[in-house]
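# Analysis of the macromolecular model
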Amino acid sequence: MLHLEHIKEEVIGMSKITGITKYREFRTIIFLIIIFLLVGIVNSDFLALENILNSVKNSLLYIVLAVGLTFVLLTGEIDISVGGTLGLSAAVSGVIVRDGGSIFLAIIVAIVIGALIGLVNGIGVTKLKISSFIMTLGMLEIVRVVQVIYTDGKWIENLPANFKQISQINLLGMNLLGIIVILAVIILHLYLSNSRKGRYFSAIGDNEDGAILMGIPVIRYKIISFVICGISASLAGLIFASQVGFISTTAGLGIEMTVIAAAVLGGVSLSGGIGSVVGAAIGAIIMSSINSALVFLKVPAFWNATISGSLLIVIVVVDVLIFRRANKKAKKERLNARVLTLKEEV
Amino acid sequence: MKSGMLKKIPKWNLILLLTLVGEIIIFGLINPRFWNLNVLLNSFNDFVGIAIIAFFVTFVVITGGIDISGGSIIGLTSVVTGMLAQFVGMNIWIAALLAVLVGGLCGLLNGVLIAYAKVQAMVITLGGMLLYSGIAIVLVGLSGTSTYEGISGFSQEFINLANGKILGIPHSVILFLVILVIAYILLHRTRYGRYVYLTGINQNAADYSGIDTRKIITSTYILSGLSAGIAGVILTSYLGSSRADFGAEYLMPILTAVVLGGTLITGGKGGVIGTALASIVVGFLKLGLQMGGVQTQYIGLATGLLLITSVAFLGVPGFKSKVKRFLTIKKDRGGNLHA
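Source: prediction; values computed, not measured.

### Topic: the overall build of chain B
Within chain B, the secondary structure is distributed over 15 helices and four strands. The buried share of chain B, taken over its 339 residues, is 55%. A separation of at least 24 residues holds for 76% of the contacts in chain B among residues at least 6 apart in sequence. Of the roughly 15,000 Å² of accessible surface on chain B, a fraction of 67% belongs to carbon and sulfur atoms.

Printed below as a string of C-alpha cells:
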C-alpha cells in the first residue's frame, strides 16, 4: 500500500513537471506576442498582417534549421555544423541549377549531402565517442573548406529565375514554402510528442542509461537525429539559395549560434530531454523578428546582437530559476505527502 | 588505474613535442625558410592571442565547463581600448588596463550565471558571445567610426607592445611564456589549482570537502575573461587598430588548442603545458602550410581534422579499445552501459 502511494506521488510529481514544460512553450508564445504588441504600440504597421506574414517568411530558414537541430538537442547532443551544411548544399545545388540541371536533382543532391554530413557526425559522436560539440565544430570547419574548394572561392550567381521563384510563390496570400514548413513543424511535433518512436528522442536525452535499459536503440536514434539535422540544414540551404538568389562563400557563416540561441529561447534544453519543435520554431521567429522589429522601432540595426544576446541570457536564467523553484516545491510536497501517508499507516 | 591515467598526460605532451619536432623537420624540408629561427619566433604573433585564452579556457574545461565567449571579448576589449584612448583621450596604458578589466567583468558575468544560477555553461557563454560582440558593435556604431577601418592612430609605444623585440626575441614570445608560467603555477603548483581539478572530477565531493566550488568555477571564467581581455589588447597593438570583429574566428582554434593539448572536454583532466604545446603545433602547422604554398582558406581542413582525430585519439577509455569496440559493435546491439 505504502509502495503504491509512493508511486502515486511520483506520478503526481511527474505530471507537475510535464505541466511546467508545457508552460515553457506557452511562455515562449506569450513572449513572442508581447514583442509584437510592444513594437506594435510604437509603430502599428508592425502588426499589419502583411508584416506578420513577412516575418514568418523571413524566419523560414531559421525555423527549418532550429527544428532539425531540436532532434539532436533532444537526445542531449549538439550540432554546430549546420551553417557549414547549409553553405555547402546551397553551393552544390546552386551550381546544378545554374548550369541548367533540374531543380528536382538539386533538391535530391542537397538532401544527400545533408544526410551524409549528419551520418558522419552521428557515427563520430556515437561510435567513436567524440564529444558532439567538438565533432561538429571540426566538421563545420572541414565542410566550409570543402565548400571553398568546390566553388573555388567564387560566388555562385545567376541562378535561374524559376528557381528563385520557388520561394516567392503565394497560396491564398501566404507564402507556399511557409505553409509547407508550418505543416511540417506541426507533423513533426505530433510525431515527437505522440508517437512511440518519436518519444525515443527525448527519452534518450532525459536518461540515456535508462533508455538503453528500456531497449531503445540509442546509438541508432542518435545517428538518425544527426541525419535529420543535416537534412534540414541542407533544405535550409535550398531555401537560402532560392530566397537570396546567390551563394557567397560565407553563406550561413555564424548562423549555427543564432539557431542554437533560437532553440534555447524556444524552451529546448541543451542538456537534452526537454523541448519541442514548435517551441524551437517560435524561438526562431523571435530571433529573426528582432531585426525587423528594430527597423520598425527606427533603432539602428547594430543593436541586434546585443539585444538577442541579453534576451537569451535573461530568458534562460529566469527560466532556470523558475523551473528550480517549482521543482523544489514539488519535491517538498512529495516529501510532505510521504510523511503524511507514513503517519496514517502507523 | 588512477596513476596510469596521470602518467598518460605527460606521455601525450611528449607526443605533442615530437609532433612539433616532426613539423619543423618536414616543413623545413619543403621550405628551408621554415628553419629560420626568426621566422618561427615571429609566427608567435599570429597565435599568441589564441594561446593566452586557451591557457585559461583549459581551467574552465577542467572544471567541466566551456567558454565560447573568448573571441567576442577580444573584439569588445579591442574597441574599449580604442575608444578610451582615442575618444576619451585616456592614457593608452590605463585604457588597456581598463579594457582587460572589462574582459574580466564579462568573465564574471559568465561565471556568476553558470556557477550560482546553475545555467549550462554552453548556453550562457553563447549568450555572452552574442552580447559582448553586440556591445562592441554598438560602441562602434554609436561612435560613428567606420566598422571596416576601425579606430586607429595609436602611439608607437603601444604598437610596440606586440611588435617590439627584446634581445631579438619578439614580445609575443615573451608574453606567451610569462602567461604560460603564471597559468602553470596557478594550476599545477597551488592549492587553488588542485581545487580546480577536484571540482571537475567530482563537484559534489569537492563541495562536501569544504571547497566553495561555485567560487572556484566563477574564478575560472573570470580568468578566461581577463585572458581574452589581454589577447584583445595585444591584437589591437599588433594590428594597430581596434575593430569589433577581432577574434570572431578564434572559437575553433582556442578549443583546438585546449582539446589537442590533452584536456578532456568532460572535465577533470588536462594541463596548460599540453595546451601551450598544442597551440604551437597548430600555429606552426598553419605557418608551414602557408609557406608550403597552401592557400589560407584551405588550412581549416587540416585543423578541423586535427581537432576531431585528436579527440577520438584521446577519448575516455583510450582509442584502441574504441576501435576494438567499433569493430565488434554488432555484438552488443543494445548499446552498452559504459557509454
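### Looking at the interface of chain A and chain B
Contact residues are listed per partner, giving 42 residues for chain A and 48 residues for chain B. For the pair chain A and chain B, the two sides together bury roughly 4,100 Å², of which 82% comes from carbon and sulfur. Within the residue set of the side of chain A that touches chain B, elements represented by two or more residues are α5 (132-151), α9 (208-213), α11 (255-265) and α13 (304-345) of chain A. Broken down by element, the side of chain A that touches chain B gets its largest block of residues, eleven residues, from α5 of chain A. Tallied by class, the residues present in the side of chain A that touches chain B amount to 29 nonpolar, six polar and seven charged.

### Notes on the confidence of the model for chain B
Of all residues in chain B, 88% have pLDDT values of 70 or greater, and the mean over the chain is 84. Across residues 329-339 of chain B, confidence stays below pLDDT 50; counting only partners more than four residues off in sequence or on other chains, it has ten contacts.

### A look at helix α14 (residues 299-314) of chain B
If you check α14 of chain B, its first and last C-alpha atoms are 23 Å apart, about what 16 residues at 1.5 Å a residue would give, namely 22 Å. Of all the residues in α14 of chain B, the buried ones are Ile299, Gly300, Thr303, Gly304, Leu307, Ile308, Ser310, Val311, Ala312 and Leu314 of chain B.

### A look at the packing of helix α2 (residues 49-74) of chain A against helix α7 (residues 176-194) of chain A
All names here are of chain A. α7 packs onto α2 with a crossing angle of 20° between their chain directions and a minimal axis gap of 10 Å. Between α2 and α7, the angle is such that the two are roughly parallel. Handedness of the crossing formed by α2 with α7: left-handed. Residues Val56, Leu60, Ile63, Val64, Val67, Phe71 and Leu74 of α2 form the contact with α7, whose own contacting residues are Leu177, Gly178, Val181, Ile182, Val185, Leu188, Tyr191 and Leu192. Within the contact of α2 with α7, the residues separate by chemical class into 14 nonpolar, one polar and no charged.

### Remarks on the packing of aromatic side chains
Applying the stated rule across the entire model yields 16 aromatic pairs over all chains. Ring plane angle 85° and centroid distance 5.0 Å describe the contact between Tyr200 of chain A and Tyr221 of chain A, whose orientation is recorded as edge-to-face. Pair noted here: Tyr200 of chain A is in helix α8 (residues 196-206) and Tyr221 of chain A is in helix α10 (residues 218-244), with a separation of 21 residues, a long-range link. Each member of the pair, Tyr200 of chain A together with Tyr221 of chain A, is buried. The interplanar angle of 65° and the centroid separation of 5.5 Å between the aromatic rings of Phe55 of chain B and Phe176 of chain B together place this pair among those described as edge-to-face. Taken together, the residues Phe55 of chain B in helix α3 (residues 44-62) and Phe176 of chain B in helix α8 (residues 171-188) connect sequence positions 121 residues apart. Taken individually, Phe55 of chain B and Phe176 of chain B each receive the classification buried, so the pair is uniform in this respect. Each member of the aromatic cluster is reached from another via a ring pair, and the members are Phe27, Phe34, Phe44, Phe47, Phe55, Phe176 and Phe284 of chain B.

### Considerations on the environment of Val79 of chain B
Residues and elements named next belong to chain B. Looking at the element boundaries, Val79 is found in helix α4 (residues 70-86). Residues Val79 and Pro253, spaced 174 residues apart in sequence, show a C-alpha to C-alpha distance of 22 Å. Those residues within four positions of Val79 in sequence are excluded, and the remaining contacts are Ala136, Leu139, Val140, Ile151, Ser242, Arg243 and Ala244.

### What about a nonpolar patch on the surface?
Together, Phe26, Ile30, Ile34, Leu38, Ile41, Val42 and Leu297 of chain A give the surface a local cluster of nonpolar side chains, amounting to about 670 Å² of exposed area. Mapped onto the fold, Leu297 of chain A is located in the loop between α12 (277-296) and α13.

### Focus: helix α11 (residues 213-239) of chain B
Residue and element names in this part refer to chain B. Taking 1.5 Å per residue, 27 residues should reach 39 Å; α11 reaches 39 Å between its end C-alpha atoms and fits that length. Across the 27 residues of α11, 20 count as buried, placing the element largely inside the fold. Gly240 occupies a position one or two residues after α11 and carries a positive phi of about 75°.

### Section: the packing of helix α12 (residues 251-260) of chain B against α14 of chain B
Residue and element names in this part refer to chain B. Put simply, α12 and α14 touch, their axes get as near as 9 Å, and they point 30° apart. The angle between α12 and α14 falls in the class roughly parallel. Between α12 and α14 the crossing geometry is left-handed. Contact residues: Met252, Leu255, Thr256, Val259 and Leu260 in α12; Thr303, Gly304, Leu306, Leu307, Ser310, Val311 and Leu314 in α14. Per-class residue counts for the contact of α12 with α14 are eight nonpolar, four polar and no charged.

### Points about the environment of Ile204 of chain A
Residue and element names in this part refer to chain A. Tracing the sequence through the fold places Ile204 in helix α8. We classify Ile204 as buried; its relative accessible area is 1%. As for Ile204 and Leu159, which are separated by 45 residues in sequence, their C-alpha atoms are 42 Å apart. The contact partners of Ile204, leaving out residues within four places of it in the chain, are Thr75, Ala211, Ile216, Val218, Tyr221 and Lys222.

Reading guide: rules and limits
- Residues numbered from 1 in each chain as written.
- Chains lettered and ligands numbered in written order.
- Predicted model: local features only at pLDDT ≥ 70, side-chain atom pairs only at ≥ 80, totals over all residues.
- Heavy atoms only, no water.
- Helix = DSSP H or I, 4+ residues; strand = E, 2+ residues; numbered from the N terminus.
- Buried < 20%, exposed > 50% of the residue type's maximum accessible area, 1.4 Å probe, protein only.
- Contact = heavy atoms within 4.5 Å.
- Areas by Shrake-Rupley, 256 points an atom, 1.4 Å probe, with all protein chains shown as cover.
- Buried area = accessible area lost by both parts, 1.4 Å probe.
- Nonpolar A, V, L, I, M, F, W, Y, C, P; charged D, E, K, R; others polar.
- pLDDT = per-residue confidence, 0-100.
- Expected span 1.5 Å × (residues − 1).
- Axes fitted to C-alpha atoms, helices over the stretch in contact; angles between N-to-C directions.
- Parallel < 35°, antiparallel > 145°, perpendicular 65-115°, else oblique.
- Left-handed = near helix turned anticlockwise from the far one by under 90°.
- Phe/Tyr/Trp six-rings, centres within 6.5 Å; stacked < 30°, edge-to-face > 60°.
- Patch = residues over 30% accessible without salt bridge, like charges linked within 9 Å, V, L, I, M, F, W, Y side chains within 5 Å.
- Salt bridge = Lys/Arg side-chain N within 4 Å of Asp/Glu carboxyl O.

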